[in-house]
Amino acid sequence: MTEIRRFSSRRERLDHAFLSARLKEAQSYKRIAGYFRSSIFELVGEEIAAVPKVQIVCNSELDAADVVVSKHVRETALKERWNEAPSEVEALLHRERYRRLYDLLASGRVEIRVVPKDRVFVHGKAGVIEGADGSKTCFLGSINETRSAFAQNYEILWEDTSEEGVTWVEEEFEALWKDAYPLPDAIIEEIKRVADRVEIRFEEATLEELPAAALAESPIYRGGEQLQPWQRSFVTMFLQHRETYGKARLLLADEVGVGKTLSLAASAMISALLDDGPVLILCPSTLTVQWQVEMMDKLGIPSAVWSSTKKEWIDPKGHIVKTRGPEDIKRCPFRIAIVSTGLIVHDSEERRYLLECKYGSVVLDEAHKARRHGGLGPKKEEPNNLLDFMLRIGPRTRNLLLGTATPIQTEVRELWDLLRILNAGADFVLGRELFGRWPEWERALPVVKGEETPADEKDVWEWLRNPLPPAREDALFATLRLQLGLPDQTFFTDRGFGSLGFLEQQAVAQALAPGFLREHNPIVRHTVLRRRQTLENTGLLERVGVDIHPDPDTSAAAYAGVGFSGLGLLTNLPFDLAYQAAEAFTAALKKRTKAAGFMKTLLLQRICSSFASGRSTAERMLRREVLDDEEQAKDIEEALSALTPDEAGYLRTIAAELARPEARDPKLAAVRYFLTEHRTEGKTWLEHGCIVFSQYYDTVYSLGAELAKLLPGEPVGVYAGAGKSGMFRGDDFASVGRDEIKNSVKKREIRLVVATDAACEGLNLQTLGTLINVDLPWNPARLEQRLGRIKRFGQARRTVDMLNLVYHDTQDEKVYQVLSRRMKDRYDILGGLPDTIEDDWTESVEKLEEMMDEYIHLRQKAHDVFEMRYQESIDPDKDRWELCSKVLARRDVVDRLSAPW
């Protein structure tokens, strides 16, 4: 017999009248609920706990395209949504609720699944309850399983005990259940973490606990992501070295795209939180904003960037902190300062002020630029300004971290120069140079590579005693230290082999074992290198291929909508005249200034970026303006201050020609064609989603504006430095923060983004499947960073597409022809390229070919040095900081890092 009962909260208390009573002694419960919330079982926790089988299907913010990609993407998206509620408030107000919820989810009797948002059913709520006697009843209504829904809201509910009604609801439930995905373990783990969450003070955290306590609630973790296992292991190693030696000295040489910035930034952050002292980060001017964005967006920590041109500090929001002049570089308004290495290279006033300070940590990015002068002159063996600065700063800092994707660029001994930097003020790295063997690279390299073994015990003792490794590295060193009575933080002994006792000499003999010094030497002790291929092979990194366009082996007819001539785009007369004027300008400049070579590179690269960039650059040079973010600002200023009439004439020609109505940029037509006509896997590039990169904001802004006009109704994101980001739609432009653009891309509301390199580090754009380089950086490491925005976990495509655009018969095309011949492996397209191409390599195609061949040869010689200690697999389940429930308050972390120098 069918019985329909109707319930209204206006007439009776639904928490008393319905659900609790039905669930008592029930066998099973199937529920179509709303969103999954911590309060989902608040009302019926005890009743649910007694039901043997509970199945609940919930709505989510998962995009349908996300759920087909990978488990990782689903978990990230769900955890980000879950973490919208501040955990500090949730833990304080609802701790017991979280504990009950975790117990229910961990019991195995309750299973929850979530469906993508294209199956929205927030208001379509229903359930089926099977009683102890096997009878079933179903109900439908607007009600959620929360105390407020049953006790406070106005809700209505119909109960239907008929077989027909029950079958109908069960069919609806099963259809949704089939399309849903299990609630991720990451959410269940976060529920437990919040249930157990307590805030602690800095002094209450042990050294081992501090990274997790400081980072568990940082933006990267709140967003559902995390530091990768190899990044966490570096931070752990940093702390171990700091504890073992009293100071940390490490060279991080991970391959490009593996995430060195976060590894170094997290370590610097921990150093600052430990009150080691001020933190100085040195990097090329083009990377200063990247560093600042990465630290704020991922770690949630403030820092200040020193403006080389304006002599001011800039905070993370782009606000200027007024200063009195260059001397205020010693007074950073935050604990972490980011300074361009250009100031060091060019021996600025600021360089001298920085050498007067003492530091807790100094980080040098692109450390391979600190080297000897080289060449043929009398100074070829002397350190360049950057190497000299680092050797001087070493004794003035506690921790010194060097980052490079290029352990060597021209010679193996450059690796030893980097180790000399680490050894400055810390002779436990290479040892005391007057007595040691390790500083002599020609003598040490064969031992490090395992090609030579010491002759006898006396010989091997000379390798061991200076520096004497820490006890924790190997049982042999622990034994020797015990027998010699050497304290843990003494890393040198002047005792000769003859003065050692019988037991000590026997212990030393163990070091003659084959391969012992290859595994225990300063190089591998203080250098960390993880290769992308190794991480891919172990499943820690996603293996994604890259198809390059235009394909050198494919005829231009395959790209019928674009005027390719070989690898380059055919240009027009205005551009050709402007390019000739640019070459004439640099030829004239060469007669009067040493900066001509650099100015040629600068001007040609900007003209080869886009017509808009070329015109803007010429106009600004005529106004004697120093171009933004250039390390050689002083040289540019001097060169422009004395422009001759001929030089100014060439610049006016560039500006005039590129401003003509007929000066139509072929790159714009090429981008439009690939976005709207060219198809891969049956879709246009716009349908796959596309990120377009340029080195220059002028190009990014003008391209974004033009694309918005060509693609009516299509939103175009402009992702750039602080205060420059925004969104075009048609003729309209609105200033929009980078976070809003990233979120819109993640939600697939934006599928076309134009970005500068200066802002690319913080981007995770795996929802986009294609990439266009509208200009070609002469730095392959920059190409890898660009690719890393889409070639990452969660990329739906197993092979992504990359288009490289250069103008025909220009310097850019000549460089690209050499690069493209080496881009053969679709899974490692940059493996045969140097990470940095020096300006003087591009003087001719022949020289570029010669220097790149020499680089590859030297890199292979040095590779063996590193292919030892870091080949073992990294345990992804070790040091899972996202599980940490003893946390530092984010406000306390930010306050401590906001203290000035």
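Above this text sits the structure in question.
Rules and cut-offs
Residues numbered from 1 in each chain as written. Predicted model: local features only at pLDDT ≥ 70, side-chain atom pairs only at ≥ 80, totals over all residues. Heavy atoms only, no water. Helix = DSSP H or I, 4+ residues; strand = E, 2+ residues; numbered from the N terminus. Buried < 20%, exposed > 50% of the residue type's maximum accessible area, 1.4 Å probe, protein only. Contact = heavy atoms within 4.5 Å. Phe/Tyr/Trp six-rings, centres within 6.5 Å; stacked < 30°, edge-to-face > 60°. Lys NZ or Arg CZ within 6 Å of the ring centre and 35° of its normal. Salt bridge = Lys/Arg side-chain N within 4 Å of Asp/Glu carboxyl O. Pairing = 2+ DSSP bridges. Patch = residues over 30% accessible without salt bridge, like charges linked within 9 Å, V, L, I, M, F, W, Y side chains within 5 Å. Areas by Shrake-Rupley, 256 points an atom, 1.4 Å probe, with all protein chains shown as cover. Axes fitted to C-alpha atoms, helices over the stretch in contact; angles between N-to-C directions.

Participant: Quick question: what am I supposed to make of the environment of Pro574 here?
Facilitator: Turning to its location among the elements, Pro574 is positioned in helix 26 (residues 573-590). The exposure class assigned to Pro574 is buried, which follows from its relative accessible area of 6%. The spacing of Pro574 and Pro661 is 87 residues in sequence and 9.6 Å in space, taken between C-alpha atoms. Excluding its chain neighbours within four sequence positions, the residues that come into contact with Pro574 are Glu657, Leu658, Arg660, Glu662 and Ala663.

Participant: I would appreciate a short explanation of helix 35 (residues 780-787) in the present structure.
Facilitator: Turn by turn, an α-helix covers 3.6 residues, leaving residues three or four places apart pointing in a common direction. Among the 8 residues that make up helix 35, 8 are buried, leaving the element largely enclosed by the rest of the structure. Within the span of helix 35, buried status applies to Pro780, Ala781, Arg782, Leu783, Glu784, Gln785, Arg786 and Leu787.

Participant: What should I look at first to understand the packing of aromatic side chains in this one?
Facilitator: Aromatic ring pairs are reported here in terms of the distance separating the ring centres and the angle at which the planes meet. Scanning the entire structure with this criterion turns up 20 aromatic pairs. Summarising the aromatic geometry, the rings of Phe173 and Trp177 are spaced 5.3 Å apart at their centres and angled 25° between planes, so their arrangement reads as stacked. Separated by 4 residues within a single helix, Phe173 and Trp177 lie in helix 8 (residues 163-179), roughly one turn from each other. Neither Phe173 nor Trp177 differs from the other in exposure class; each is buried. Aromatic pair Tyr559 and Phe564: ring centres 5.6 Å apart, planes at 75°, arrangement edge-to-face. A relative accessible area of 4% means that Tyr559 is categorised as buried. Judged by its relative accessible area of 8%, Phe564 falls in the buried class. By the ring-pair criterion, three or more aromatic residues cluster together here, those being Tyr559, Phe564, Tyr673, Phe674 and Trp685. Cation over ring: Lys724 sits above Tyr697, and NZ or CZ is 5.0 Å from the ring centre. In this structure, Arg896 is placed above the aromatic ring of Phe202, and the distance from its NZ or CZ to the ring centre is 3.7 Å.

Participant: When you look at the pattern of salt bridges in this model, what are you seeing that I'm missing?
Facilitator: Overall, the coordinates contain 51 salt bridges when judged by the stated rule. One salt bridge connects Arg420 with Asp417, and the closest N-O pair in it is separated by 3.5 Å. Of this pair, Arg420 and Asp417 both sit in helix 18 (residues 413-423), 3 residues apart, which is roughly one turn of the helix. With a relative accessible area of 25%, Arg420 lands in the partly exposed category. You can call Asp417 buried: its relative accessible area is 1%. Connected through shared salt-bridge partners, Glu190, Arg193, Arg197, Glu199, Glu217 and Arg222 make up one network.

Participant: Would you mind going over the pairing of strand 26 (residues 726-729) with me for this structure?
Facilitator: The side chains of a regular strand alternate between both faces of the sheet. Of the two faces of strand 26, only one is covered, namely that formed by Gly726 and Phe728; the face formed by Met727 and Arg729 stays uncovered. Across 4 bridges, strand 26 lies against strand 27 (residues 732-735) in antiparallel orientation. Across the sheet, the residue bridging to Phe728 is Phe733, located in strand 27. In this structure, the hairpin formed by strand 26 and strand 27 is closed by a connection of 2 residues, where Gly730 is found at a positive phi of approximately 65°.

Participant: So what exactly am I meant to see when it comes to a nonpolar patch on the surface here?
Facilitator: Among the surface-exposed residues, Val89, Leu92 and Leu93 lie close enough to one another that they form a single nonpolar patch of about 320 Å² accessible area. Within the element layout of this structure, Val89 appears in helix 6 (residues 87-106).

Participant: Please clarify how the sheet that holds strand 27 should be interpreted in this entry.
Facilitator: Strand pairing in a sheet relies on backbone hydrogen bonds. The paired strands run either parallel or antiparallel. An order of 19-30-29-24-28-25-26-27 is seen for the 8 strands of this open sheet, with the pairing classed as mixed. Edge positions in the sheet fall to strand 19 (545-549) and strand 27, since each of these pairs with one other strand and no more. Direction aside, neighbouring strands of the sheet carry axes that sit 20° apart on average. Those strands touched by helix 33 (residues 697-710) are strand 24 (690-694), strand 25 (716-719), strand 26, strand 27 and strand 28 (752-756), and its axis lies near 165° from that of strand 28.

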